[in-house]
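Here are the chains, one letter per residue:
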Amino acid sequence: MLNKLIVLAALLLPACFAHAHEYKAGELEIAHPWSQELPPNAPTVAAYFVIHNAGKTDDRLLGVDSPIAPKAELHEHVMQGDLMKMQQVPNVAIPAGGNVTFAPMAYHVMLMNPSDRSLLTDGKRFPLTLHFEKAGDVTVEVAVQKEAPQAMPAHAHAQ
């Protein structure tokens, strides 16, 4: 019985990590970059991920870019009165020993007027380069998915 469980676990383990992908830039780890599949005529596309700073000093995400869109911006959602509003931010602090989650209704990357829509369908990936103050540049592959990952928090900034 134990042998059957071990074989079953070995067979299922790759499926658990099929959508997980992580990248490193110095002391920073960027986990599971993803984007939700949108209608073909959507004027913007959002990208999400989690940044973990394993270092002892703060870093800062200064900007992003992607060959699939002429313009990419860092954005956040904020409450203004009774309304949730999206606004551009110049950069995002990544605290030492902390995490910053880019997720729907939180920080996110906005890709404006995507020119290459061939990579924006479920199961495809597109490149996104993150520019950090200390860790430098790192290019990640953003996985396009029909649905948001189950474990994605609804709203989170530095933790």
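Residues numbered from 1 in each chain as written. Predicted model: local features only at pLDDT ≥ 70, side-chain atom pairs only at ≥ 80, totals over all residues. Heavy atoms only, no water.

### Looking at the overall build of the protein
Line of reasoning, step 1. Counting its secondary structure elements, the protein contains one helix and eleven strands.
Line of reasoning, step 2. Ordered by position from the N terminus, the helices and strands of the protein form the series α-β-β-β-β-β-β-β-β-β-β-β.
Line of reasoning, step 3. The 159 residues of the protein split such that 38% are buried.
Line of reasoning, step 4. Long-range pairs, those at least 24 residues apart, make up 67% of the contacts in the protein with a sequence separation of at least 6.
Line of reasoning, step 5. Summed over all atoms, the accessible surface of the protein reaches about 8900 Å², with 59% contributed by carbon and sulfur. (Helix = DSSP H or I, 4+ residues; strand = E, 2+ residues; numbered from the N terminus. Buried < 20%, exposed > 50% of the residue type's maximum accessible area, 1.4 Å probe, protein only. Contact = heavy atoms within 4.5 Å. Areas by Shrake-Rupley, 256 points an atom, 1.4 Å probe, with all protein chains shown as cover.)

### A look at a nonpolar patch on the surface
Line of reasoning, step 1. Residues Met79, Met84 and Met105 make up a contiguous nonpolar surface patch of about 270 Å² in total accessible area.
Line of reasoning, step 2. Here Met105 is to be found in the loop between strand E8 (99-102) and strand E9 (108-112).
Line of reasoning, step 3. Accessibility expressed as a relative area gives 37% for Met105, which makes it partly exposed. (Patch = residues over 30% accessible without salt bridge, like charges linked within 9 Å, V, L, I, M, F, W, Y side chains within 5 Å. Salt bridge = Lys/Arg side-chain N within 4 Å of Asp/Glu carboxyl O.)

### What about the pattern of salt bridges?
Between side chains of opposite charge, pairing is possible as soon as their charged atoms come close.
Line of reasoning, step 1. Inspection of every chain in the model, using the stated rule, returns three salt bridges.
Line of reasoning, step 2. Glu29 serves as the salt-bridge partner of Lys24, at 3.7 Å between the closest nitrogen and oxygen.
Line of reasoning, step 3. Assessed through its relative accessible area of 54%, Lys24 is described here as exposed.
Line of reasoning, step 4. Lys71 is the salt-bridge partner of Glu73, the closest N and O atoms lying 3.2 Å from each other.

### Re the environment of Leu130
Line of reasoning, step 1. Relative to the assigned elements, Leu130 resides in strand E10 (residues 125-132).
Line of reasoning, step 2. The exposure class of Leu130 is buried, given its relative accessible area of 0%.
Line of reasoning, step 3. As a C-alpha pair, Leu130 and Val140 span ten residues in sequence and 7.8 Å in three-dimensional space.
Line of reasoning, step 4. Those residues in contact with Leu130 that lie beyond four places of it in its chain are Ile30, Phe49, Ile51, Leu61, Gly63, Val64, Gly136, Asp137, Val138 and Val140.

It is worth stressing that arrangement in space is one thing and function is another; only the former is reported here.
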